[in-house]
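Read off the chains here:
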Amino acid sequence: MEKKNYNIKIDQPQPSASDIQKHMDFDGLLGKMGAVPDPTPTGKIVSGNFWQYSIGALLVGAAAVALLFFNPHWLENQQADPMTVHNYVNPPIKDIQAQFASFKVDANKGGTFEYGNGSKVIVPPAVFVDKDGKEITGEVELNYREFHDFVDFFLSGIPMHYDSAGTRYQLESSGMMEIQANQNGTPLNIKPQSTIDIELMSNVAAGKELDYNIYFLDEKQENWSYVCKDKIEKQPTVSPLEKTKTEIKQINIAINKLEARETAIVNQLEAEIPAPPKPRRPEEAKESDYIFNFEVDKSEFPEIAAYDKVLWKVGTNNPTFQKRWYKVDWDDVELKKISKLDYQMTLLSENEVVELSVSPVLKGEDLRKAQAEFAEKDKVYQAEFLARQQAIAKKKQERTRAIAERKKELKAKKQQVQAKIKDLQAKGNDREAVEVMMQQNIKNQFAVSRFGTWNCDIPLPSYEHILVSNFVDENQQSYKGNAVFHVDKNTNTIMTFYISGKDKLWYDIRSENLLWLVTKEGKLAVFDPKGFKGLEDKKEHTFVMKTMDQVVKSEADIRRILKFN
Amino acid sequence: MLSISQSTIKATAGMNVSKKISSEAIEAEWKEIQAAKLNPAKFRPIYNRYYEKIFRFVFRRTSDEFLSADITSQVFLKALQKLEKYQFKGVPFSSWLFRIASNEVTQYYRDHQKQRVISLETTQVGEMAEEIEDMPKGIQLESMIAALEYLSESDLTLVELRFFERRSFKEIAEITGVTESNAKVKTYRALAKLRKIMIKQAG
């Protein structure tokens, strides 16, 4: 029996989770593999409605970045379709995305840039660096957009949950924004130890405690990272009527800008595709016109060489024409072409020189001959003209497609806002006053140290009611694998899960709830909020989704469909 | 002096090895692995999920934080390098990672000729004592710990996995590369050897 001399440690302290986290370096590992870290959100199996698990008490506080540690219980409870892989950030309708506002920034000077709703991006001088940390000079393009409500969250595909040490929280937002910068298309970073200040204008339900945190969307870790507390400043409340009127003005400005861009594109196209020469209809010499008859050296004027006798009509732009000039015995006449069919005639005598603008006119056989020629040329011209118009229209459609779509969206939005104005005006001041009381305008102030998506949030406690849910269409056909979106009227967040059968839906029975999904055809299938009435005592329910007739093509379409009463 | 008390034994009565993971979750993980086979960057969620588990596994065998970090890094590097060959056998991917980790630790001690670290808690020794049939009366914890010194590396590994880390025989089988029934038989043989050593030392 041989003694092995093992080094036996009894009851020795174990490293903490945060001690261990410090050693994690997946990108370094990939580097050793020679692989390039995935620049896009990493693929991930997302379970069924696992946001509901263990939301529990509000523990987030000043927690640092939380990682998804292995938790067998967590895995055990997943309800995902195991064959489906979903991206972490997964916009459900790729073609409908919030537009970035683009600002040109002098990297040396920085500046303050205002977003449409009054939000500000305050860029200090010399804050941009390239991927190697080298400071950037010259012009930088700064792109910025905001997400404020559940439709914005839905379209962004950004998850609104936060995992902390294996526990999941739903985040209620008081405003979310994305900021990016590039120089000539090359993405830039913010210089280490530097920040860009953000003043994000938003509103929350009146009476809400203004205790929000700032989180950064860490797409690599597939989680929100807690950054700091949100500094919130209350803002004066603007009446809904004033607000909507301002909105109309902003929409009109945006439409005008788009139309100006459209006109510029058409002008450019007209320059690119030259117009065919338009033939001039031959003019008949009439008795009532002032006409001069003289011989012309046709070799100098080949355009009239085909005609036997060309006469010259004094143009109406010679108001001082004197009839007596007919009776003057002119010594000489000079003819000079000044445009395609306009000429300058100079009559010369010993005592007088007269300059008149004239045009050729014909009569008799010459006229008939010219008319026949004109008919032929005009036919060719009309065909060429039409072809050009069609070419311009086609190219215009190609180059202005995005503009047209945006214009259509803005016009639809304008109609909505106009209807809202009418509604507000019709319902009078009482309703307006109530609406003003229902919301509080705020300014979220924070500094960003990285480009990406930032969110002003509060982690939510769990809902009490659970409903084991199945989803079918009007023909009782079950949905499988579709993402289901769930919002309630009292909470500015969105909950998402993927249907795998008997999914648990956690919801607030005291609130109005709205459920929807996107069909494979790109249509919205919605469960009416009223349908939740009577489900309070149920443990399981099959939601019959109502599929909308049309494929959604714009944000306005979505807002028209997804609304609470 | 420590003794194996009744209360220690009671505390171990409900000993149940790791929680069962659903087949759906295992399959879901298999999809992640398939994605990672095509693009190593997709390995990140698996790395995030298992890093701490593997680190702790290594730490128990090294008692050195930085060494554990190095070995854990090596484990994941090897896992990524060998991922193409990984075959789904209906068991958690973690078992495969632990097997690599076990091999890496063994390799480390082989290369550096250092004393192998065994981490244990006194309660775990009590649990182990409860499993030993016909445990001689009056045996102290110190004697059991001292007896561990005479177990072979392979026997010690089985005891560690079963009693100090509370793993199922299925997991032990996966990590050590034997069948489940073989893992069970070998573990109890190791316990029998331990008993024999203790009796010999007492005598």
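Residues numbered from 1 in each chain as written. Chains lettered and ligands numbered in written order. Predicted model: local features only at pLDDT ≥ 70, side-chain atom pairs only at ≥ 80, totals over all residues. Heavy atoms only, no water.

**Some details on the overall build of chain B**
Turning to step 1, where the next piece is worked out: Scanning chain B from terminus to terminus reveals 10 helices and 1 strand.
Turning to step 2, where the next piece is worked out: Going residue by residue from the N terminus, the α and β elements of chain B occur as α-α-α-α-α-β-α-α-α-α-α.
Turning to step 3, where the next piece is worked out: Considering only residue pairs separated by 6 or more positions, chain B has 68% of its internal contacts joining residues 24 or more positions apart.
Turning to step 4, where the next piece is worked out: Looking at chain B as shown, the accessible area adds up to about 9300 Å², and 48% of this sits on carbon and sulfur atoms. (Helix = DSSP H or I, 4+ residues; strand = E, 2+ residues; numbered from the N terminus. Contact = heavy atoms within 4.5 Å. Areas by Shrake-Rupley, 256 points an atom, 1.4 Å probe, with all protein chains shown as cover.)

**A look at the overall build of chain A**
Turning to step 1, where the next piece is worked out: Within chain A one finds 8 helices and 31 strands.
Turning to step 2, where the next piece is worked out: Burial analysis of chain A (565 residues in total) assigns 46% to the buried set.
Turning to step 3, where the next piece is worked out: Contacts spanning at least 24 positions in sequence make up 75% of the contacts within chain A whose residues lie at least 6 apart. (Buried < 20%, exposed > 50% of the residue type's maximum accessible area, 1.4 Å probe, protein only.)

**Digging into the environment of A69 of chain B**
Turning to step 1, where the next piece is worked out: Of note, A69 of chain B is situated in helix α4 (residues 65-82).
Turning to step 2, where the next piece is worked out: Residues A69 of chain B and F55 of chain B, 14 residues apart in the sequence, show an inter-C-alpha distance of 6.7 Å.
Turning to step 3, where the next piece is worked out: When neighbours within four sequence positions are excluded, A69 of chain B is seen to be in contact with H23 of chain A together with Y51 and F55 of chain B.

**A short note on helix α8 (residues 153-164) of chain B**
All names here are of chain B.
Turning to step 1, where the next piece is worked out: For α8, a buried count of 10 out of 12 residues is recorded, marking the element as mostly surrounded by other parts of the structure.
Turning to step 2, where the next piece is worked out: For α8, every residue scored as buried is listed here: D155, L156, T157, L158, V159, E160, L161, R162, F163 and F164.
Turning to step 3, where the next piece is worked out: Of the surrounding secondary structure, the elements contacted by the buried residues of α8 are α3 (44-62), β1 (117-120), α6 (122-131), α7 (141-148), α9 (169-176) and α10 (180-202).
Turning to step 4, where the next piece is worked out: Once α8 finishes, R166 follows within two positions and takes phi at roughly 55°, a positive value.

**Thoughts on the nonpolar core**
Turning to step 1, where the next piece is worked out: By size, the foremost hydrophobic cluster in this structure holds 46 residues, and its most contacted members are F43, Y47, Y51, I54, F76, L83 and F93 of chain B.
Turning to step 2, where the next piece is worked out: Counting contributing residues, this core receives three or more from each of domain 1 (6-16 + 119-202) and domain 2 (23-112) of chain B.
Turning to step 3, where the next piece is worked out: Grouped together as the second largest cluster of nonpolar side chains are 34 residues, I96, L155, Y162 and W224 of chain A included. (Core = buried A, V, L, I, M, F, W, Y, C linked by side-chain atoms within 4.5 Å. Domains from an automatic or database assignment.)

**Some remarks on the environment of I403 of chain A**
Residue and element names in this part refer to chain A.
Turning to step 1, where the next piece is worked out: Assignment of secondary structure puts I403 in helix α7 (residues 401-438).
Turning to step 2, where the next piece is worked out: The spacing of I403 and E262 is 141 residues in sequence and 7.4 Å in space, taken between C-alpha atoms.
Turning to step 3, where the next piece is worked out: I403 has contacts with L258, R261, E262 and I265, leaving out every residue within four places of it along the chain.

**Focus: the packing of aromatic side chains**
Turning to step 1, where the next piece is worked out: Inspection of the entire model under this criterion finds 39 aromatic pairs over all chains.
Turning to step 2, where the next piece is worked out: When the centroid spacing of 6.4 Å and the interplanar angle of 25° are considered together, the rings of F26 of chain A and F43 of chain B count as stacked. Residue F26 of chain A is found in helix α2 (residues 26-33), and its partner F43 of chain B is found in the loop between α2 (23-38) and α3; the two belong to separate chains.
Turning to step 3, where the next piece is worked out: Residue F43 of chain B is classed as buried on the basis of its relative accessible area, which comes to 0%.
Turning to step 4, where the next piece is worked out: With centroids separated by 5.4 Å and ring planes inclined at 40°, the aromatic side chains of F93 of chain B and W96 of chain B adopt a geometry described as tilted. (Phe/Tyr/Trp six-rings, centres within 6.5 Å; stacked < 30°, edge-to-face > 60°.)

**With respect to the pairing of strand β15 (residues 223-229) of chain A**
Turning to step 1, where the next piece is worked out: In the sheet, strand β14 (residues 213-218) of chain A pairs with β15 of chain A via 6 bridges, with the strands oriented antiparallel. Residue pairing across strands places Y215 of chain A opposite Y226 of chain A, the latter belonging to β15 of chain A. (Pairing = 2+ DSSP bridges.)

**Description of the confidence of the model for chain B**
Detailed reading of the predicted coordinates is not advisable wherever pLDDT falls low.
Residue and element names in this part refer to chain B.
Turning to step 1, where the next piece is worked out: Predicted confidence across chain B gives a mean pLDDT of 79, with 84% of residues reaching 70 or more.
Turning to step 2, where the next piece is worked out: Within chain B, helix α1 (residues 6-11) has the poorest average pLDDT of any element, 28, and α3 the best, 92.
Turning to step 3, where the next piece is worked out: Contacts for the low-pLDDT stretch residues 1-19, under 50 throughout, to residues beyond four places or in other chains number 34 contacts. (pLDDT = per-residue confidence, 0-100.)

**Focus: a negative patch on the surface**
Residue and element names in this part refer to chain A.
Turning to step 1, where the next piece is worked out: A cluster of acidic residues, D329, D331, D332, E334 and E350, forms a negative patch on the protein surface.
Turning to step 2, where the next piece is worked out: Mapping D331 onto the fold places it in the loop between β18 (311-314) and β19 (332-337).
Turning to step 3, where the next piece is worked out: When its relative accessible area of 56% is taken as the criterion, D331 is described as exposed. (Patch = residues over 30% accessible without salt bridge, like charges linked within 9 Å, V, L, I, M, F, W, Y side chains within 5 Å. Salt bridge = Lys/Arg side-chain N within 4 Å of Asp/Glu carboxyl O. Lys, Arg positive; Asp, Glu negative; His and termini not counted. Charge placed at Lys NZ, Arg CZ, Asp CG, Glu CD.)

**What about the sheet that holds strand β29 (residues 523-527) of chain A?**
Residues and elements named next belong to chain A.
Turning to step 1, where the next piece is worked out: Strand order in the open sheet formed by 5 strands is β26-β25-β28-β29-β31, and the pairing between neighbours is antiparallel. Unpaired on one side and paired on the other, β26 (495-498) and β31 (546-551) mark the two borders of the sheet. On average, each strand axis in the sheet is tilted by 25° relative to the strand beside it, whichever way the strands run.
Turning to step 2, where the next piece is worked out: In the sheet, strand β28 (residues 513-518) pairs with β29 via 4 bridges, with the strands oriented antiparallel. Its bridge partner lying in β29, W516 is registered against V526. (Axes fitted to C-alpha atoms, helices over the stretch in contact; angles between N-to-C directions.)

**Remarks on the sheet that holds strand β27 (residues 503-507) of chain A**
Residue and element names in this part refer to chain A.
Turning to step 1, where the next piece is worked out: One open sheet accounts for 3 strands, arranged β27-β24-β30; its pairing is mixed. Two strands close off the open sheet at either side, each with one partner strand: β27 and β30 (540-544). In this sheet, neighbouring strand axes are inclined to one another by 45° on average, regardless of whether the strands run parallel or antiparallel.
Turning to step 2, where the next piece is worked out: Pairing between strand β24 (residues 465-472) and β30: 5 bridges, direction parallel. Residue S469 lies in a different strand from β30, and its bridge partner there is H541.

**Structural notes on the pattern of salt bridges**
Turning to step 1, where the next piece is worked out: Scanning the entire structure with this criterion turns up 39 salt bridges over all chains.
Turning to step 2, where the next piece is worked out: Here E272 of chain A and R399 of chain A are joined by a salt bridge, their closest N and O atoms 2.9 Å apart. Here E272 of chain A is found in helix α5 (residues 240-272), whereas its partner R399 of chain A is found in helix α6 (residues 364-399), with 127 residues between them in sequence.
Turning to step 3, where the next piece is worked out: Each of R60, R61, R116, E121, E153, E160, E165, R167 and E171 of chain B takes part in salt bridges that share partners, so that together they form one network.

**Here's the deal with the packing of α9 of chain B against α10 of chain B**
Packed helix pairs are specified by the crossing angle of their axes together with the interaxial distance, meaning the distance between the axes.
Residue and element names in this part refer to chain B.
Turning to step 1, where the next piece is worked out: Packing of α9 against α10 leaves a shortest axis separation of 8 Å and a crossing angle of 95°. Judged by the angle between their axes, α9 and α10 are roughly perpendicular. Residue-level inspection shows F169, K170, I172 and A173 of α9 in contact with α10, the latter providing E180, A183, K184, T187 and Y188.
Turning to step 2, where the next piece is worked out: Across the contact of α9 with α10, the residue classes tally to 5 nonpolar, 1 polar and 3 charged. (Parallel < 35°, antiparallel > 145°, perpendicular 65-115°, else oblique. Nonpolar A, V, L, I, M, F, W, Y, C, P; charged D, E, K, R; others polar.)

**Side note on α9 of chain B**
One full turn of an α-helix is made of 3.6 residues, so residues set three or four places apart face in the same direction.
Residue and element names in this part refer to chain B.
Turning to step 1, where the next piece is worked out: Every buried residue of α9 is accounted for by F169, E171, I172, A173 and I175.
Turning to step 2, where the next piece is worked out: Where the residues of α9 are buried, they touch α5 (93-112), α8 and α10.
Turning to step 3, where the next piece is worked out: At the exit of α9 stands G177, carrying a positive phi of roughly 80°.

**A closer look at the side chain of S349 of chain A**
Turning to step 1, where the next piece is worked out: Within the secondary structure layout, S349 of chain A lies in the loop between β20 (343-348) and β21 (353-361).
Turning to step 2, where the next piece is worked out: Overall, S349 of chain A belongs to the buried group, its relative accessible area being 16%.

**Focus on the confidence of the model for chain A**
Turning to step 1, where the next piece is worked out: Scored by pLDDT, chain A comes out at a mean of 82, with 86% of its residues at no less than 70.
Turning to step 2, where the next piece is worked out: Note that pLDDT drops below 50 for residues 36-84 of chain A; the model gives that stretch 153 contacts with residues more than four away or on any other chain.

**Focus on the side chain of S202 of chain A**
Turning to step 1, where the next piece is worked out: Considering the arrangement of structural elements, one finds S202 of chain A in strand β13 (residues 196-205).
Turning to step 2, where the next piece is worked out: Within polar-contact distance, the side chain of S202 of chain A engages the backbone oxygen of S174 of chain A at 2.9 Å. (Polar contact = N/O pair within 3.5 Å; in protein donor to acceptor, adjacent residues only side chain to side chain.)

**With respect to unusual backbone geometry**
Turning to step 1, where the next piece is worked out: Backbone geometry at A126 of chain A places phi at a positive 50°, although glycine is not the residue there.
Turning to step 2, where the next piece is worked out: When you line up the elements, A126 of chain A lands in the loop between β6 (120-123) and β7 (128-129).

**Some details on the pairing of β24 of chain A**
Turning to step 1, where the next piece is worked out: With 5 bridges joining them, β24 of chain A and β27 of chain A adopt antiparallel strand pairing. Within β27 of chain A, the residue paired with L467 of chain A across the bridge is L505 of chain A.

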